[in-house]
Amino acid sequence: MSHTLGIRQAQKQKTRQALLDAALGLLEEQSLSSLGLREVTRAVGVAPTAFYRHFRSIADLGVALVEEALGSLHPMIRTTVATTDDSDQRIQRAIELIAGHVSEYPAHVRFIARERHGGVQSVREAIREQLARFAEEVRAELAKDPESAGWSDDDLLMLAHLYVDQMLITASLFLEAMEGTEEDREHVEQVATRQMRLISIGRHHWLD
């Protein structure tokens, strides 16, 4: 009996992931607010009624995509900030990690970039909550740095939000450059490096 339940659960999870993957593919060319339930189920090859065994609505599926797209990034974000390298090495490491993630998961990055200010409120809120978690985690790592001595929690959180926002901007720029030339990608790296250095310089002198 338990073996049968295990098979059913595995099949259910497989169908759920297929729905997520199909939606992500369809969202390459449109926003979530224009995506139809039947489009998704047709792409997977299941009946529309099967959709409701996994998600309450397209918006609910969108929230699940947010978790899939951003949930796995938490360790990377903490690693980027927590590294003991000097400032320039830390910046270079961050840019390399962002570029690698964009190259591996372009559809996820495109989805977040589009839906962060999109028309589906629950998805916007889910993205905002994930980014707030990122900022809190970055703040906690920054607080461990001796350079943060004397900083208030509010100022550290403000700095953390700057880093998180800059990472998103950099990811979007790398995404746009994917279809361009090597020079385009090098330009993104140069711009991102300068922008992060500007944040770093501001940090060094904030308590002056």
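Please refer to the structure placed before this passage.
Please read these numbers as outputs of a predicted model, since none were measured by experiment.

Criteria and thresholds
Residues numbered from 1 in each chain as written. Predicted model: local features only at pLDDT ≥ 70, side-chain atom pairs only at ≥ 80, totals over all residues. Heavy atoms only, no water. Helix = DSSP H or I, 4+ residues; strand = E, 2+ residues; numbered from the N terminus. Buried < 20%, exposed > 50% of the residue type's maximum accessible area, 1.4 Å probe, protein only. Areas by Shrake-Rupley, 256 points an atom, 1.4 Å probe, with all protein chains shown as cover. Lys, Arg positive; Asp, Glu negative; His and termini not counted. Charge placed at Lys NZ, Arg CZ, Asp CG, Glu CD. Core = buried A, V, L, I, M, F, W, Y, C linked by side-chain atoms within 4.5 Å. Contact = heavy atoms within 4.5 Å. Axes fitted to C-alpha atoms, helices over the stretch in contact; angles between N-to-C directions. Parallel < 35°, antiparallel > 145°, perpendicular 65-115°, else oblique. Left-handed = near helix turned anticlockwise from the far one by under 90°. Nonpolar A, V, L, I, M, F, W, Y, C, P; charged D, E, K, R; others polar. Expected span 1.5 Å × (residues − 1). Arc of directions from axis to C-beta. Salt bridge = Lys/Arg side-chain N within 4 Å of Asp/Glu carboxyl O. Phe/Tyr/Trp six-rings, centres within 6.5 Å; stacked < 30°, edge-to-face > 60°. Patch = residues over 30% accessible without salt bridge, like charges linked within 9 Å, V, L, I, M, F, W, Y side chains within 5 Å.

Quick look at the overall build of the protein chain now. Secondary structure assignment for the protein chain yields 10 helices and 0 strands. Helices and strands appear in the protein chain in the N-to-C order α-α-α-α-α-α-α-α-α-α. Seen through its principal axes, the protein chain has C-alpha atoms that stretch 65 × 45 × 30 Å. Residue burial in the protein chain is summarised as follows: out of 208 residues, 40% are buried. On the protein chain, roughly 11,700 Å² of surface is accessible, and the fraction owed to carbon and sulfur atoms is 52%. The averaged location of the 32 negative side-chain charges in the protein chain is 10 Å from the averaged location of its 23 positive side-chain charges.

The next point concerns the nonpolar core. In this structure, L61, L65, V66 and F111 are the most contacted members of the largest nonpolar core, which totals 56 residues. Residues contacting V66, with those up to four places away along its chain left out, are G71, F111, I112, V123, A126, I127 and Q130.

Let us look at the packing of helix α6 (residues 87–104) against helix α10 (residues 182–205). Running from amino to carboxyl end, α6 crosses α10 at an angle of 135 degrees, the nearest separation of the two axes being 10 Å. As summarised for this structure, α6 and α10 are arranged oblique, according to the angle between their axes. Seen from above, α6 lies across α10 with right-handed handedness. Taken together, the residues of α10 that come into contact with α6 (itself represented by S87, D88, R90, I91, Q92, A94, I95 and I98) are E189, A192, T193, M196, R197, S200, R203 and H204. Of the residues contributing to the contact of α6 with α10, the split by class is 6 nonpolar, 5 polar and 5 charged.

In this model, helix α9 (residues 153–177) (25 residues) spans 36 Å end to end at C-alpha, consistent with the 36 Å of a helix rising 1.5 Å per residue. Along α9, the residues classified as buried are L156, L159, A160, Y163, V164, Q166, M167, T170, A171, F174, L175 and A177.

The next thing to look at is helix α2 (residues 37–44). Looking only at α2, the buried set comprises L37, V40 and T41. Seen along its axis, α2 keeps its buried residues to an arc of 90 degrees; they face one direction. Those residues of α2 that are exposed and angled more than 90 degrees off the buried face are R38 and R42.

All right, on to the pattern of salt bridges then. Overall, the coordinates contain 11 salt bridges when judged by the stated rule. D165 is the salt-bridge partner of R116, the closest N and O atoms lying 3.3 Å from each other. With a gap of 49 residues between them, R116 in the loop between α7 (106–115) and α8 (121–144) and D165 in helix α9 connect regions that are remote in the sequence. On the basis of relative accessible area, R116 is assigned to the partly exposed category, the value being 28%. R185 is the salt-bridge partner of E182, the closest N and O atoms lying 3.1 Å from each other. In this pair, E182 and R185 both sit in helix α10, 3 residues apart, roughly one turn of the helix.

Once that is clear, we can look at the packing of aromatic side chains. Within the structure shown, the criterion is met by 3 aromatic pairs. Relative to Y52, the ring of F51 has its centre 5.7 Å away and its plane inclined at 85 degrees; by these criteria the two rings are edge-to-face. Residues F51 and F55 carry aromatic rings whose centres are separated by 5.6 Å and whose planes lie at 45 degrees to one another, so their mutual orientation is tilted. When sorted by exposure, F51 lands in the same class as F55, which is buried.

Turning our attention to a nonpolar patch on the surface. A cluster of nonpolar residues, M158, L162, W206 and L207, forms a patch on the protein surface that exposes about 390 Å² of accessible area. Residue position: W206 is located in the segment after α10.

Residue placement: G100 occurs in helix α6. Owing to a relative accessible area of 38%, G100 belongs among the partly exposed residues under this scheme. Remark: the alpha-carbon pair of G100 and S57, spanning 43 residues in sequence, is separated by 32 Å.

On to the packing of helix α4 (residues 58–70) against α7, then. Each packed pair of helices is defined by two parameters, the angle between the axes and the distance between the axes. It is at 10 Å that the axes of α4 and α7 come closest, and there the two elements cross at 125 degrees. It follows from the interaxial angle that α4 and α7 lie oblique. The handedness of the crossing between α4 and α7 is left-handed. Each of G62, L65, V66, E68, A69 and L70 in α4 lies in contact with α7, whose residues at this interface are H108, F111 and I112. Residues belonging to the contact of α4 with α7 are distributed by class as follows: 6 nonpolar, 2 polar and 1 charged.

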